[in-house]
Amino acid sequence: MPSDVTEEVLGVIAQTQRIPRENITLDSRFEELGLDSMDAVNIMFALEDKFDITIPDEAAKQIRNIRQMVEGVQHIVDSKAVQ
Amino acid sequence: MPRVAVTGVGAICAIGNTREQFTQSLREGRCGIAPITLADVSGFRFLNGAEVKGYRPEDHFEAKQIDLIDRFAQFAAIAAREAVADAAIQWSDELRERCAIVTGACVGGQSTEDQGFWDVYKMGKPRVHPMTIPRTMANAGASYISMDLGVGGPSWTVSTACSSSNHAIGQAFHMVRAGDADLAIAGGSEAVFSFGILKAWEAMRVVSGDICRPFSKDRTGMILGEGGAMLVLEPLEKALSRGAKVYCEIAGFGMSADAHHITQPSVEGPVRAMRMALRDAGVGPQIIDYVNAHGTGTEANDATETAAIRQVFGEHADRLAVSSTKSMHGHALGAAGALEAAATILAIRDGFIPPTANYRVPDPACDLDIVPNRSREARIHCAISNSFAFGGLNAVLLFTS
């Protein structure tokens, strides 16, 4: 990292949350970006749409920061590519 | 101001198609959650719901009527018939005009709308059913009850998401207490098991892929339910003078708005609603024996509600019984408050406290006596029933035996 997935995930967060892209890094915590749990659900909805993936509830509940979100999406995208 | 008595109860839900079946299930702690059959949920993140079992509309309505009435309004009418029969009302022309109907509904007839939209969007049909609008409207329950019983008094519907029917019962209580109605039929109904509505709930990530375990450390979310419940309210003196059976009184009602967040619960809003209900009834927190909790089984609600209860009741919180009957009948949204009011009233009548079913692991954030898994024999003198809605609109009813 940073990979294409990283860039795209950060782009989705910036776009859906109306946050300047340059303010978001892999180490940003949701709280410092002013994001709550419903914002996280909205971001995951956009990510599922963008990458054509499904993020399970159990995985979604573990995500506390941007890095975990990127890694989670990368993992799902990779397993999809293997299939 | 006149005191307000509950003289009739009707209920239909996942754990009972009649009031007495419902009572029996509450006492036995029977859980009505099972795989969803009313919609194709294959591939969904959740497969379970609390559907009304063995329901046949033709047992309750003429074939021609069924086409005109969405399932949610059918439940409203069935519960109202049962409640009115239970109260043994002697109708007169004057009473029909002095009787109010207040119903709660969250999604109303959206299942009908969903079917119609499926037909036009997905199936490419050029038209939807001509009764789509009157079946969908949230007031269809109140309208149908008024036609069914010939009641011509003030009638309307309240929609405040999961608090809808507590607000409805509270409004009816106000009408009767103020002398604006001599009788009221109040409650709520809901029927959410339709593909599009379930998809919308799935997207929110608040519905459990497992089962509803309120206050349990391993809880994973709410389970949707359906059904309806209605109460008959009248001035206590009139009820006693006509020799009616009195279940209990509604003595207080409290409302508040969180003014906080569209989906996340707050502590302060529920605290204000509970305190307002106590103040309205003119009682202190120490006389409450039982709290029928909102208790959805989501991580956020149960911890927040526990904190709110602790703030309102102080040390007395450790002497309260607090249970969530949603663990058995699911979260019936606009019918939730009415089903839980009915559960509380029936518990007062029969001297037991309904349990919180499916409970497994204590959670320090929910450290109340939540009556795990088994009902308890106990006289309830005074109880409250909480409803806290998405959108932060809270409603609390207070009952006295």
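Predicted, not measured: the structure shown is a model, and the values here were computed from it.

### Details of the overall build of chain B
The number of helices and strands found in chain B is 14 helices and 14 strands. Taken over C-alpha atoms, the radius of gyration comes to 20 Å for chain B, in line with the 21 Å a tight globule of 401 residues would show. Taken along its principal axes, the extent of the C-alpha atoms in chain B is 65 × 55 × 40 Å. The buried share among the 401 residues of chain B stands at 58%. Residue pairs at least 24 apart in sequence account for 80% of intrachain contacts in chain B once pairs closer than 6 positions are excluded.

### Topic: helix H7 (residues 140-149) of chain B
All names here are of chain B. With 7 of its 10 residues buried, H7 lies for the most part within the structure. For H7, the full list of buried residues reads Ala 140, Gly 141, Ala 142, Ser 143, Tyr 144, Ile 145 and Ser 146. The secondary structure elements touched by the buried residues of H7 are helix H3 (71-87), strand S4 (99-104), helix H6 (132-136), strand S5 (155-158) and strand S6 (183-190). Positive backbone phi, approximately 65°, marks Gly 150, located one or two places after H7.

### With respect to the domain arrangement of chain B
Residues and elements named next belong to chain B. For chain B, the assigned domains are domain 1 (4-241) and domain 2 (251-400). Domain 1 and domain 2 are separated by 20 Å when their C-alpha centres are compared. The partner domain 2 presents 57 residues to the 62 residues of domain 1 that form the contact. Taken together, the elements giving at least two residues each to the side of domain 1 that touches domain 2 come down to strand S1 (4-13), helix H1 (19-28), helix H8 (164-177), S6 and strand S7 (227-235). Ranked by residues supplied to the side of domain 1 that touches domain 2, first place goes to H8 with 8 residues. Here the residues of the side of domain 1 that touches domain 2 are counted per class, giving 30 nonpolar, 24 polar and 8 charged.

### Some words on the pairing of S1(B)
Residue and element names in this part refer to chain B. The element S1 is extensively covered by neighbouring structure, given that 10 of its 10 residues are classed as buried. Across 3 bridges, the pairing between S1 and strand S8 (residues 248-257) is antiparallel. Within the sheet, the bridge partner assigned to Val 6 lies in S8 and is Cys 248.

### Some points on the nonpolar core
With 131 residues, the main nonpolar core has B:Ala172, B:Ala184, B:Ile185, B:Leu231, B:Leu233 and B:Ala342 as its most contacted residues. By residue number, the principal contributor to this core is H3(B), which donates 11 residues. Per-domain counts for this core show at least three residues from each of domain 1 (4-241) and domain 2 (251-400) of chain B. Counting residues in hydrophobic clusters, the runner-up holds 13 residues, among them A:Val9, A:Val12, A:Ile66 and A:Met69.

### Considerations on the packing of helix H11 (residues 268-281) of chain B against helix H12 (residues 299-313) of chain B
All names here are of chain B. Here H11 crosses H12 at 45°, and the two axes come no closer than 9 Å. When the interaxial angle is binned, H11 and H12 end up oblique. Judged by the twist between their axes, the crossing of H11 over H12 is right-handed. Here Pro 270, Val 271, Met 274 and Arg 275 of H11 come into contact with H12, specifically with Glu 305, Ala 308, Gln 311 and Val 312. Taken together, the residues of the contact of H11 with H12 break down into 5 nonpolar, 1 polar and 2 charged.

What counts, and where the lines are drawn
Residues numbered from 1 in each chain as written. Chains lettered and ligands numbered in written order. Predicted model: local features only at pLDDT ≥ 70, side-chain atom pairs only at ≥ 80, totals over all residues. Helix = DSSP H or I, 4+ residues; strand = E, 2+ residues; numbered from the N terminus. Rg over C-alpha atoms; globule rule 2.2 N^0.38 Å. Buried ≥ 20, exposed ≤ 12 C-beta atoms within 10 Å, placed from the backbone. Contact = placed C-beta atoms within 7 Å. Domains from an automatic or database assignment. Nonpolar A, V, L, I, M, F, W, Y, C, P; charged D, E, K, R; others polar. Pairing = 2+ DSSP bridges. Core = buried A, V, L, I, M, F, W, Y, C linked by C-beta atoms within 7 Å. Axes fitted to C-alpha atoms, helices over the stretch in contact; angles between N-to-C directions. Parallel < 35°, antiparallel > 145°, perpendicular 65-115°, else oblique. Left-handed = near helix turned anticlockwise from the far one by under 90°.

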